[in-house]
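Architecture and fold: a report
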Amino acid sequence: MPGTKYGTTVAVLAPRGRDAQVAAELLAQSGIDPLVVADPAGLRALIEEHIGVVLIAEEAIGEDLALIRSALEAQPAWSDIPFIVLTAGRARQRNAAEDERIDALGNAVLLARPMHRDDIVRAVRSALKARQRQFEARARMEELRENQQKLRKSERKFHAIANSIDQMIWSTRPDGYHDYYNDRWYEYTGVPRGSTDGERWEGLFHPEDQPRAWERWRQSLETGVPYEIEYRLRHRSGEYRWVLGKAQPVRDEDGHITRWYGSCTEIDDQVRIREALAASQDRLEAAVRERTQELADLYLKTPVALLSTDGEGRIVTVSERWLSFMQYGSAEDVLGRLVTEFMAPECLGEHQGAYAERMAEADVAYDLPYTVIKRSGERAEVLVSARSTRNARGEVDRVMASVVDVTERKAAEAARDKAEHALRQSQKLETIGQLTGGVAHDFNNLLMAVRSSLELLRKRLPEGDERAHSYLANALAGAERGATLTQRMLAFARRQELDPRPVDVAALLPGMRDLLERSLGPEMDIVLDLDTKVPQALVDENQLEMAVLNLAVNARDAMEGSGRLTIRLDCVRAEEGTPQLREGDYVRIRVEDTGAGMDSDTLARAMEPFFTTKGVGRGTGLGLSMVHGLTSQLGGSFQLQSREGEGTTAEMYLPVAGTQAPAPAGETAPEERAEDALKPLKILAVDDDALVLFGTVALLEDLGHEVVEAGSGAHALDMLAMRDDIDLVITDQAMPNMTGVALAREIHRDRPELPVVLASGYAEMPEGAKQDIVARLEKPFSHEDLDAVIRSIFAGRASD
């Protein structure tokens, strides 16, 4: 490429003839750009413009050569303009002056005339090509000079930047020879400039760090990888301080390393802090390891049963308490097993259903009830509290749980609930009993008025009026049935008078077989399973027979007339806390049937008075109530067990009798002697119920006695104060302000010999009545009952 606008132009200087014109035409025809000049001055101007080639006639080199020479001497170093000198055609010897003028042109070739076309064109083109190489050299030289200028400028900038920062900057040749350090290096190390060039820098490193630093630097030089290392560098103070050394290679277009540039940054404070942090971290990690071990030991040895499972429900960890509770000797026996393997089958539905939903919603659940199966097969009731953790995908990866054994607590709660239920049932029956007893008392008073009037009416009816007598007999039978009903009601209310004595129940029950067979019918299979060695029971024998018969009849009805009735007898011990029983020994009678059994609701109401599952007219609903009242009054218990489809078992618990037989509840009336004559008596009749008092007075008068009436205890005391001829007092018990027993006590303060008979709608003798009451009449009493009691008191006096 030409360096100027004339770089490919040929200047032609031939002042004589047509040589210049011929040469120009020849060059133009060959595609070469000619430029004809008229004189050396014009040629000088073109030389200054870096003309490509000069074609000059020898005769044009004359005395004006000085102009051309001065222009040639002013050429830059790269320029050497080629001259083609056209010499004369004749051969002659040039003189020294001519040779000197031609030599003054410098790069000149001689071409003899006459000019041959091919020779001149070839010579010109060769000269132009040589001239173009000069232009190319000039371009390379200028580019190199420009690059050198840029490099010097860049180095000055680099040095200025390097000296302006706080870091130590250094640079090396490709082989690692250090030839530059910035001012900060010398200021920091305190060494003279140039003293660490080459490889002498290593002497400033801590002796312990030198091998490591040198090895790392050599590896970077060999592989070209960046250099980075921490080491201790000697400070100007003489102490070694930690620095961070880094270096990066600079590569040319071919990838060859041309230079290394590096830096040193003091990090002494950071390293000290890091070392302190590392030491602190080591201490922390040691403390964490120690704490972790403590927690692991605590987890293993805690008195709480703990376990954890993975996301699939397999056991990962267990505490020693859990192992001992579940009767396993080693964790290896259970790790990796599904936790469901230790659950009772009935718990799996809740575990995989409702419990799993609760955990999914809140990741925590408390006091979930489970039944677990220990290694021995023993079942235990537990409460499980659990918390789950999740991974980054939101999946459960760990479940931690605690297990609390509540087997004994649940058993205690069940026993407590059973006792509370029994207490509530007992209180319920007690309340109903009190109500029933009150009703029975009032009902007996009504029956007393009815019965006394009916009996008096019967004695006054004409003997021949059979129809009237039948009506009367029917009315009396109804009154008798009412009296029987009230007796059962009083039995349930535990207000009947009992005559408890030691009874050999093992002998009593076989003696009842005939009675049972007749009562139950031929389709009943009666089985007696009796322990003949049971002790005697303290019980009213007659009432016990009625109770057993009552239970047997109920069992027959439950079996619809056919089936097996089993009566068992044994002796059991009630420990402290046994529901419905005080601590002690009891004779137990169990009556079992093979009937349809009862559901829980029916069983809960079975002992309520007037409750019956039999049809209308087939039962009063007082049979079981009477048995309950009997056993309770004796200090025992009556219990029912039944399930639908499995029959019913009724159990009577009777207290074992002591070695001494108890005294009878009341005096037994001596046998009546109809022939005994009894003189008429003066009798005080006391009752707050006018109807009952009217009937009692009428019966006494019909027996031939003189009767004085009183409507209250106070009225009776007033009558006695006015009359000292009263032989006998017959009084009601339940009266307002003063009971019959209280009245008897007041009477006996002044007249201790005066007999008092207690007539009551209740069937029992009130507490403390025996010392003041000579005899008792149960309402409704008959004409015969009344006469028998009076005779039992005064029979001895009649013969006097």
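In what follows, the structure referred to is the one given above.
Described in the following lines is the structure provided in the data block. Within every chain, residues take consecutive numbers counted from 1 along the sequence as written. At least 70 in pLDDT is required for a residue's local features to be given in this predicted model, at least 80 for side-chain atom pairs to be given and counted, and no such filter applies to totals for whole chains, interfaces and linings, which use all residues. Hydrogens and water are ignored here; the side-chain numbers use all heavy atoms of the structure.

A separate point is the overall build of the protein. A helix here means a DSSP run of H or I that spans at least four residues, while a strand means a run of E at least two residues long, and both kinds are numbered starting from the N terminus. Looking only at helices and strands, one finds 22 helices and 27 strands in the protein. Counting only residues that meet the buried cut, the protein has 40% of its 800 residues in that class. We call two residues in contact when some of their heavy atoms are within 4.5 Å. Long-range pairs, those at least 24 residues apart, make up 63% of the contacts in the protein with a sequence separation of at least 6. The cut-offs for exposure are 20% and 50% of the maximum accessible area for each residue type, with area from a 1.4 Å probe on protein chains only; residues under the lower value are buried, those over the upper are exposed, and the others partly exposed.

Turning our eyes to something else, we now look at the packing of aromatic side chains. Each aromatic ring pair is described using two quantities: the centre-to-centre distance and the angle formed by the ring planes. Only the six-membered ring of Trp is used, alongside the rings of Phe and Tyr, when aromatic pairs are assigned; centres must lie within 6.5 Å, and planes under 30 degrees apart are stacked while those over 60 apart are edge-to-face, with the rest tilted. Using the criterion set out here, one finds 12 aromatic pairs in the structure. Aromatic side chains Trp217 and Tyr227 sit 5.2 Å apart centroid to centroid with 75° between the ring planes, which places their arrangement in the edge-to-face category. Separated by 10 residues along the polypeptide, Trp217 in helix α7 (residues 210-223) and Tyr227 in strand β8 (residues 227-234) bring together distant segments of the chain. The exposure class assigned to Tyr227 is buried, which follows from its relative accessible area of 5%. Of the aromatic side chains, those joined through ring pairs into one cluster are Trp170, Trp217, Tyr227 and Trp260.

Okay, the pattern of salt bridges next. The term salt bridge refers to a pairing of a side-chain nitrogen on Lys or Arg with a carboxyl oxygen on Asp or Glu at a separation within 4 Å. A complete count under the given rule lists 46 salt bridges for this structure. The partner of Glu208 in a salt bridge is Arg232, and the shortest N-O contact between them spans 3.0 Å. With Glu208 in the loop between α6 (183-189) and α7 and Arg232 in strand β8, this residue pair connects regions lying 24 residues apart in the sequence. Arg232 sits in the buried class, given a relative accessible area of 17%. The residue Asp725 makes a salt bridge to Arg723 at a minimum N-O spacing of 2.8 Å. Residue classification places Asp725 among the partly exposed positions, given a relative accessible area of 27%. The partly exposed category is assigned to Arg723, whose relative accessible area is 24%.

Take the environment of Ser519 next. Mapped onto the secondary structure, Ser519 falls in helix α15 (residues 513-520). A relative accessible area of 27% means that Ser519 is categorised as partly exposed. Sequence separation between Ser519 and Ala552 is 33 residues; the distance between their C-alpha atoms is 8.8 Å. Contacts of Ser519, omitting those with residues within four sequence positions, involve Leu549 and Arg556.

Each axis is a line fitted through C-alpha atoms, and for a helix only the stretch in contact is used; angles between axes span 0 to 180 degrees, taken between their N-to-C directions. Across the interface, helix α20 (residues 713-722) lies against helix α21 (residues 740-750) with an axial gap of 10 Å and an inter-helix angle of 20°. Considering the angle they form, α20 stands roughly parallel to α21. Crossing handedness for the pair α20 and α21: right-handed. Contact with α20, carried on its side by Gly713, Ala716, Leu717 and Leu720, involves Leu743, Glu746 and Ile747 of α21 and no other residues of that element. For the contact of α20 with α21, the residue count by class is 5 nonpolar, 1 polar and 1 charged. Throughout this description, any angle smaller than 35 degrees is read as roughly parallel, any larger than 145 degrees as roughly antiparallel, any in the 65 to 115 degree range as roughly perpendicular, and the remainder as oblique. For a crossing to be left-handed, the near helix must be turned anticlockwise from the far one by less than a right angle; the clockwise case is right-handed. Nonpolar residues are Ala, Val, Leu, Ile, Met, Phe, Trp, Tyr, Cys and Pro. Charged residues are Asp, Glu, Lys and Arg, and all others, Gly as well, are polar.

A separate point is the pairing of strand β10 (residues 257-266). What makes two strands pair is DSSP finding at least two bridges between them. Inspection of the sheet shows strand β6 (residues 168-172) paired to β10 by 5 bridges, in the antiparallel sense. When the bridges of β10 are listed, Ile169 appears paired with Ser263. Inspection of the sheet shows strand β9 (residues 240-251) paired to β10 by 9 bridges, in the antiparallel sense. The residue bridging Ala247 from the neighbouring strand is Gly262, located in β10. Remark: 5 residues form the turn of the hairpin made by β9 and β10, two consecutive strands paired antiparallel; Gly255 in that turn has positive phi of roughly 90°.

With that settled, the discussion passes to the pairing of strand β20 (residues 584-592). In terms of burial, β20 is largely enclosed, as 7 of its 9 residues are buried. As judged from the 9 bridges shared by strand β19 (residues 563-574) and β20, these two strands associate in the antiparallel manner. Across the sheet, residue Asp570 finds its bridge partner in β20, namely Arg588.

Now for unusual backbone geometry. Note that the residue after Lys779, namely Pro780, is joined by a cis bond; omega there is -5°. At Asn737, a residue that is not glycine, the phi angle is positive and equals roughly 75°. As for its placement among the helices and strands, Asn737 is situated in the loop between β25 (728-732) and α21.

It is worth spelling out the side chain of His178 at this point. Summarising the element assignment, His178 is placed in strand β7 (residues 178-181). Only 3.2 Å separates the side chain of His178 from the backbone oxygen of Gly176, close enough to count as a polar contact. Identification of polar contacts relies on pairs of N or O atoms within 3.5 Å, with a donor-acceptor requirement for protein atoms, meaning one able to donate a hydrogen and the other able to accept it, and with residues adjacent in sequence counted only if both atoms are side-chain atoms.

Next up on the list: the nonpolar core. Take the buried residues of types Ala, Val, Leu, Ile, Met, Phe, Trp, Tyr and Cys, join any two whose side-chain atoms come within 4.5 Å, and each joined set is a nonpolar core. If you look at the biggest cluster of nonpolar residues, it comprises 37 residues, and the most contacted ones within it are Val505, Leu544, Ile589 and Met652. At 6 residues, the largest contribution of residues to this core is made by helix α16 (residues 541-558). Residues in contact with Met652, not counting those within four places in the same chain, are Leu544, Ala547, Val548, Leu551, Val587, Arg588, Ile589, Val627, Thr631, Ser637 and Phe638. Counting residues in each nonpolar core, the second largest holds 28 residues, with Val318, Leu323, Val339 and Ala344 among its members.

Turning our attention to helix α1 (residues 19-29). Of all the positions in α1, only Ala20, Ala23, Ala24, Leu26 and Leu27 are classed as buried. Seen end-on, α1 carries its buried residues on one side only, within an arc spanning 165°. Against β1 (9-13), β2 (33-36), β3 (53-57) and α5 (117-164) lie the buried residues of α1. Where α1 ends, the next residue or the one after it, Gly31, has phi of about 80°, a positive value. Directions are taken from the helix axis to each C-beta atom, and the arc is the one they span.

The rule is simple: put a 1 Å grid over the protein atoms alone, call a set of points where a 1.4 Å probe fits but cannot get out a cavity, call an open set with protein on both sides within 12 Å along at least five of seven lines a pocket, and count a residue as lining if it has an atom within 4 Å of a point. Grid points are joined across faces, edges and corners, and a volume is the space filled by probe spheres set on the points. If you walk through the whole model with that rule in mind, you get 3 cavities of 30 Å³ or more. Of the voids in this model, the largest cavity is the one considered here, and its volume is about 90 Å³. Trp170, His178, Tyr181, Trp185, Trp201, Phe205, Trp217, Tyr227, Tyr231 and Cys264 are the residues that line the largest cavity. Elements represented by at least two residues in the lining of the largest cavity include exactly β7 and β8. The class makeup of the residues in the lining of the largest cavity is 9 nonpolar, 1 polar and no charged. Here the second largest cavity is characterised by a volume of approximately 50 Å³. Lining the second largest cavity are Ala685, Val686, Asp687, Leu693, Thr696, Ile730, Thr731, Asp732, Ala759 and Lys779. Elements represented by at least two residues in the lining of the second largest cavity include exactly β23 (682-686), α19 (690-702) and β25. Here the lining of the second largest cavity gets 3 residues from one element, more than from any other, and that element is β25. When the residues that make up the lining of the second largest cavity are grouped by side-chain class, the tally is 5 nonpolar, 2 polar and 3 charged.

What follows is about the sheet that holds strand β21 (residues 637-642). Ordered in space as β17-β19-β20-β22-β21, the 5 strands form an open sheet in which the pairing is mixed. Among the strands making up the open sheet, the edge pair consists of β17 (524-530) and β21. When strand polarity is set aside, the average angle formed by the axes of neighbouring strands in this sheet is 20°. In this structure, β20 lies alongside strand β22 (residues 648-655), joined through 7 bridges in antiparallel fashion. By the bridge assignment for β22, Val587 is matched with Leu654. Lying on the sheet, α15 is in contact with β17 and β19; it crosses β17 at an angle near 155°. Each of β17, β19, β20, β21 and β22 is contacted by α16, which is oriented at about 170° to β22, the strand it contacts most.

So, about a positive patch on the surface. Taken together, the side chains of Arg152, Lys153, Arg156 and Lys157 present a region of like positive charge at the surface. Among the secondary structure elements, Lys153 is positioned in helix α5. For Lys153, a relative accessible area of 54% translates into the label exposed. Exposure above 30% relative accessible area and no salt bridge define the residues that can form patches, which grow by joining like charges within 9 Å and nonpolar side chains of Val, Leu, Ile, Met, Phe, Trp and Tyr within 5 Å. Using a 1.4 Å probe, accessible areas were evaluated by the Shrake-Rupley method; residue-level cover was limited to the displayed protein chains. Asp and Glu are treated as the negative residues and Lys and Arg as the positive ones, with His and the ends of the chain left uncounted. Taken as the charge location is NZ of Lys, CZ of Arg, CG of Asp or CD of Glu.

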